[in-house]
Amino acid sequence: MHFKYPFHIVGNDKIPALDIRITNKDNNVSTNYRTVLDSGAFANVFHSDIAAVLGINLSKIKETQYFSGVRKSKRLIKGKPYIVQLMVVQKGRSHMFDSFVVFSDEVSDTGFALLGRQGFFDQFDEVCFNYKNNKFYLQKD
Amino acid sequence: MEMLIKKFGGKWVALKPDTEKVVASGKSAQRVYKEAQKKGVAIPTLFKVPTKYVPYIG
């Protein structure tokens, strides 16, 4: 299966944004969510408000996932890990998989939800950015 | 996306799937989601619109 998307153009930048479906497997509540592919992110990082939409009570999750960005800062960002079902859908084709997600309320107000290496990139055989032609591709054999 | 940032920066929006059409917006993702469902969009696309676009590294 091959999924092809255009970059979203903002100013003089091209953003590899795509809308993905998230489902809480415990209650089958789903939402679509606008995200950005980020090979620099170790995992998927979603806003904690999305957990609330899905009926996930983050206060009941004991484990905390810490992570950092490129900014020089001693303070780590924290979030709560959870397994959700993600689905990529396009033109009648879909690829669905269980995925590791970190829900965080410390996401920057100027930032995007991120699809990272664990839980997204590792679910496809190829993730290709064709910047010159304004497309990016996901390939699942 | 530029239009969304200009008009809805800092808010949650619910989009009609596969479009840029905003069906609901506000500060609460849950309320925006429910409002979109009331307007007939069963599974809307939620997007926390950045307050402004800042080039991103990571």
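How each quantity is defined
- By convention here, each chain's residues receive numbers from 1 onward along its written sequence.
- Working convention: letters from A go to chains and numbers from 1 go to ligands, in the order in which they are written.
- The predicted origin of the model limits local features to residues at a pLDDT of at least 70 and limits the giving and counting of side-chain atom pairs to 80 or more, whereas totals for whole chains, interfaces and linings rest on all residues.
- Contact criterion: two residues are in contact if their C-beta atoms, reconstructed from the backbone, are within 7 Å.
- Helix numbering and strand numbering both begin at the N terminus, where a helix is a DSSP run of H or I of at least 4 residues and a strand a DSSP run of E of at least 2.
- Under this grouping Gly is polar, as are all residues other than the nonpolar Ala, Val, Leu, Ile, Met, Phe, Trp, Tyr, Cys and Pro and the charged Asp, Glu, Lys and Arg.
- A pair of strands is treated as paired once DSSP finds two or more bridges between them.
- A residue's pLDDT is simply how confident the predictor is in it, with values from 0 to 100.

Undergrad: I'd like a rundown of the interface of chain B and chain A, residues and numbers included.
TA: The partner chain A presents 25 residues to the 23 residues of chain B that form the contact. Among the secondary structure elements, those contributing two or more residues to the side of chain B that touches chain A are α2 (29-38) and β3 (45-48) of chain B. Ranked by residues supplied to the side of chain B that touches chain A, first place goes to β3 of chain B with four residues. When the residues that make up the side of chain B that touches chain A are grouped by side-chain class, the tally is 15 nonpolar, five polar and three charged. Across two bridges, the pairing between strand β5 (residues 29-37) of chain A and β3 of chain B is parallel.

Undergrad: Report on the pairing of β5 of chain A, specifying residues and quantitative values.
TA: Residues and elements named next belong to chain A. Where strand β4 (residues 17-24) lies against β5, eight bridges are found, and the strand directions are antiparallel. Paired with Ala17 across the bridge in β5 is Val36. Following β4, the chain reverses through four residues before pairing antiparallel with β5; Asn28 in that reversal takes a positive phi of roughly 60°.

Undergrad: For the confidence of the model for chain B, give the residues involved together with the corresponding values.
TA: When pLDDT is averaged along chain B, the result is 92, and 95% of the positions lie at 70 or above. Among the scores for the predicted complex, ipTM is 0.93 and pTM is 0.92.

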